[in-house]
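Now for the letters of each chain:
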Amino acid sequence: MTSAKVALLLDRDGIINIDSGYVYKYSDEIIYPDILEVVKEANVLGIPVAIVTNQAGIARGMYKVSDVDSFHKHLKNFYQENGARIDHIEICPFHKDKGEEMWKFDSLLRKPNPGMHLKALSQLMCKVEGSLMIGDKQSDRINLLGLKTLLLQGDYEITPANDLCQSRQELCQKISNYLNNLLDFS
Ligand SMILES: [Mg+2]
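Residues numbered from 1 in each chain as written. Predicted model: local features only at pLDDT ≥ 70, side-chain atom pairs only at ≥ 80, totals over all residues. Heavy atoms only, no water.

Draft legend 1. Structural detail: the packing of helix 1 (residues 33-45) against helix 5 (residues 168-182). The N-to-C vectors of helix 1 and helix 5 enclose an angle of 0 degrees; their axes lie 10 Å apart at closest approach. It follows that helix 1 is roughly parallel to helix 5 by the angle criterion. In this structure, helix 1 contributes Asp34, Ile35, Val38, Glu41, Ala42 and Leu45 to the contact, and helix 5 contributes Arg168, Leu171, Cys172, Ile175, Ser176, Leu179 and Asn180. (Axes fitted to C-alpha atoms, helices over the stretch in contact; angles between N-to-C directions. Helix = DSSP H or I, 4+ residues; strand = E, 2+ residues; numbered from the N terminus. Parallel < 35°, antiparallel > 145°, perpendicular 65-115°, else oblique. Contact = heavy atoms within 4.5 Å.)

Draft legend 2. The arrangement of the coordination of the magnesium ion in detail. All of the protein donors around the magnesium ion are Asp11 (OD), Asp13 (O) and Asp136 (OD); their distances to the metal are 2.1 to 2.2 Å. The sequence pattern formed by the donor residues of the magnesium ion is D-x1-D-x122-D. Residue Asp11 shares its accessibility class with Asp13, and that shared class is buried. (Donors = N, O, S within 2.8 Å, 3.2 Å for Na, K, Ca; no water. Buried < 20%, exposed > 50% of the residue type's maximum accessible area, 1.4 Å probe, protein only.)

Draft legend 3. Examining the pairing of strand 5 (residues 148-152) more closely. Buried residues dominate strand 5, accounting for 4 of its 5 residues. One ladder, built from 4 bridges, connects strand 4 (residues 132-135) with strand 5; its direction is parallel. Within strand 5, the residue paired with Met133 across the bridge is Thr149. In terms of strand pairing, strand 5 meets strand 6 (residues 164-165) through 2 bridges, oriented parallel. In the sheet register, Leu151 faces strand 6, and the bridge partner there is Leu164. (Pairing = 2+ DSSP bridges.)

Draft legend 4. Spotlight on the sheet that holds strand 4. Strands sit in the order 3-2-1-4-5-6 across an open sheet of 6 strands; the sheet is parallel. The sheet is open, and its two edges are formed by strand 3 (88-92) and strand 6, each paired on a single side. By the bridge criterion, 5 bridges tie strand 2 (residues 49-54) to strand 3 in an arrangement that is parallel. Bridging across to strand 3, Ala50 finds its partner in His88. Docked against the sheet, helix 1 engages strand 1 (8-10) and strand 2, running at close to 155 degrees with respect to strand 1. Strands strand 1, strand 4, strand 5 and strand 6 of the sheet are contacted by helix 5, whose axis makes an angle of about 160 degrees with strand 5.

Draft legend 5. Seen up close, the side chain of Arg168. Following the sequence through the fold, Arg168 ends up in helix 5. A polar atom in the side chain of Arg168 sits 3.2 Å from the backbone oxygen of Gly14. Side chain to side chain, Arg168 and Asp34 meet in a polar contact 2.7 Å long. What Arg168 contacts, discounting residues up to four positions off in sequence, is Gly14, Ile15, Tyr32, Asp34, Ile35 and Leu152. (Polar contact = N/O pair within 3.5 Å; in protein donor to acceptor, adjacent residues only side chain to side chain.)

Draft legend 6. Spatial organisation of the packing of aromatic side chains. The tally for this structure, following the rule as stated, stands at 4 aromatic pairs. Each ring, one from Tyr24 and one from Tyr63, has its centre 5.1 Å from the other, and the planes form 25 degrees; the classification is stacked. Taken together, the positions of Tyr24 in the loop between strand 1 and helix 1 and Tyr63 in the loop between helix 2 (56-59) and helix 3 (65-81) put the pair 39 residues apart, joining distant regions of the chain. Ring centres of Tyr26 and Phe71 lie 5.3 Å apart, and the angle between their planes is 85 degrees; on these two criteria the pair is classed as edge-to-face. (Phe/Tyr/Trp six-rings, centres within 6.5 Å; stacked < 30°, edge-to-face > 60°.)

Draft legend 7. Spotlight on the pattern of salt bridges. Scanning the model with the defined rule gives 12 salt bridges in all. Lys98 serves as the salt-bridge partner of Asp97, at 3.8 Å between the closest nitrogen and oxygen. Taking the shortest distance from any N to any O, the salt bridge between Lys104 and Glu101 comes out at 3.7 Å. With relative accessibility at 33%, the residue Lys104 sits in the partly exposed group. Note on Glu101: relative accessible area 63%, which makes it exposed. (Salt bridge = Lys/Arg side-chain N within 4 Å of Asp/Glu carboxyl O.)

Spelled out as structure tokens, the structure:
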């Protein structure tokens, strides 16, 4: 659709669903409808959408990979039922010093490292430059040159900067503006 093929990369907990801490039980009630609408918009514009989520609850033994898979299956179904599509999901189950031995690893996949982003972008055949990352933690500012960021100020401490939004409404509006303006450069 556009020659500038970029992707929309979304943190999960606190952005797509309510973050009650190590969320692994799915229900439709925890899904934020505002971001679903933004994803719908990205779909229409032909901009691929991926979730990139740290899931150290796996390393910590709080839930299994299969729980996360099941959550995502339900999430994708719910999105689909509501006319929105998630194109790709990356998770990082590792933690460098917490939990079970098999998951104890200082992984390049774990945000703020860029591993999940590079995997997702590669899979979606998108470029880093101009792709947009959305999150609600300091660690959602990814160490990846060229990647744009918008963060939501919620319960987590984040260093103030221009990428910080004070409300979900502001966040969704800015994402929408960004995605729509991309077309001007095609
Ligand atoms: Mg989050």
